Amino acid sequence: IAVAYWITKRKSTDIVCSVEGENGMVQKVSRFTYFVVLIPAVIYRFYTVFYVQSHGYAAYYTDFQMLLNENILLSIFGKLDYMVSPCVCIYLASMPSKKEFYSTAALYAMYLTLTLGAGARGPFLLGVFFLLFYILYRAAATPAEGWFKRSYLVLCGAFFVVFALGAYFSGLIRDEAS
């Protein structure tokens, strides 16, 4: 993260960040689509977390697909769950303001936290890294908005230390349970 910050800090790019015209329409439609897709995806993730808590990880990886085949609504929610990340990407490609980004990113971070309930650390880490790199990109693209400060590097480092410790302890809990 520190290297990416250093690289993006040294480059200057000229990107037009207007919300007028077609870009504004894309931003509105993509944000609406993101929220429409996010609601069933969060329901699906909550159901997945409850299933893992009640049946265990082994049952999740072996029996959960059969449950999806039996329940059409849950299956549709599962397909909408796959659309959350692309919807975020399309919305962020419309270059929202800092305030709009943080409100959307907070909900996306909560969604990513739910993915940890099923033991999927990969999507969580990819989503967090994506958000961090987007912030770094916007810091270089629009420096007047003040997207990233050096003090954020310390916060990011502390977050990942806490996350690594949490992953380690969750592995211990998982090993004790089995």
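Calculation rules
- Residues numbered from 1 in each chain as written.
- Predicted model: local features only at pLDDT ≥ 70, side-chain atom pairs only at ≥ 80, totals over all residues.
- Heavy atoms only, no water.
- Helix = DSSP H or I, 4+ residues; strand = E, 2+ residues; numbered from the N terminus.
- Core = buried A, V, L, I, M, F, W, Y, C linked by side-chain atoms within 4.5 Å.
- Buried < 20%, exposed > 50% of the residue type's maximum accessible area, 1.4 Å probe, protein only.
- Contact = heavy atoms within 4.5 Å.

K.L.:
I'm lost on the environment of Arg138 in this one. Help?
P.N.:
The residue Arg138 is located in helix α7 (residues 121-141) in this model. Separated by 43 residues in sequence, Arg138 and Met95 place their C-alpha atoms 8.5 Å apart.

K.L.:
I keep staring at the nonpolar core and nothing clicks. Help me out?
P.N.:
Within soluble globular proteins, side chains that are nonpolar tend to cluster in buried spots. Ranked by internal contacts, the top residues of the largest apolar core, which has 28 residues, are Tyr34, Val84, Leu92, Phe101, Tyr108 and Tyr111. For this core, the secondary structure elements donating two or more residues are α2 (22-55), α5 (84-93), α6 (98-115), α7 and α8 (151-177). With 8 residues, α7 is the single largest residue contributor to this core. When sequence neighbours within four positions are dropped, the list of residues in contact with Val84 reads Tyr34, Val37, Leu38, Ala41, Tyr108 and Tyr111. If you look at the next biggest cluster of nonpolar residues, it comprises 10 residues, including Tyr44, Ala59, Leu68 and Ala118.

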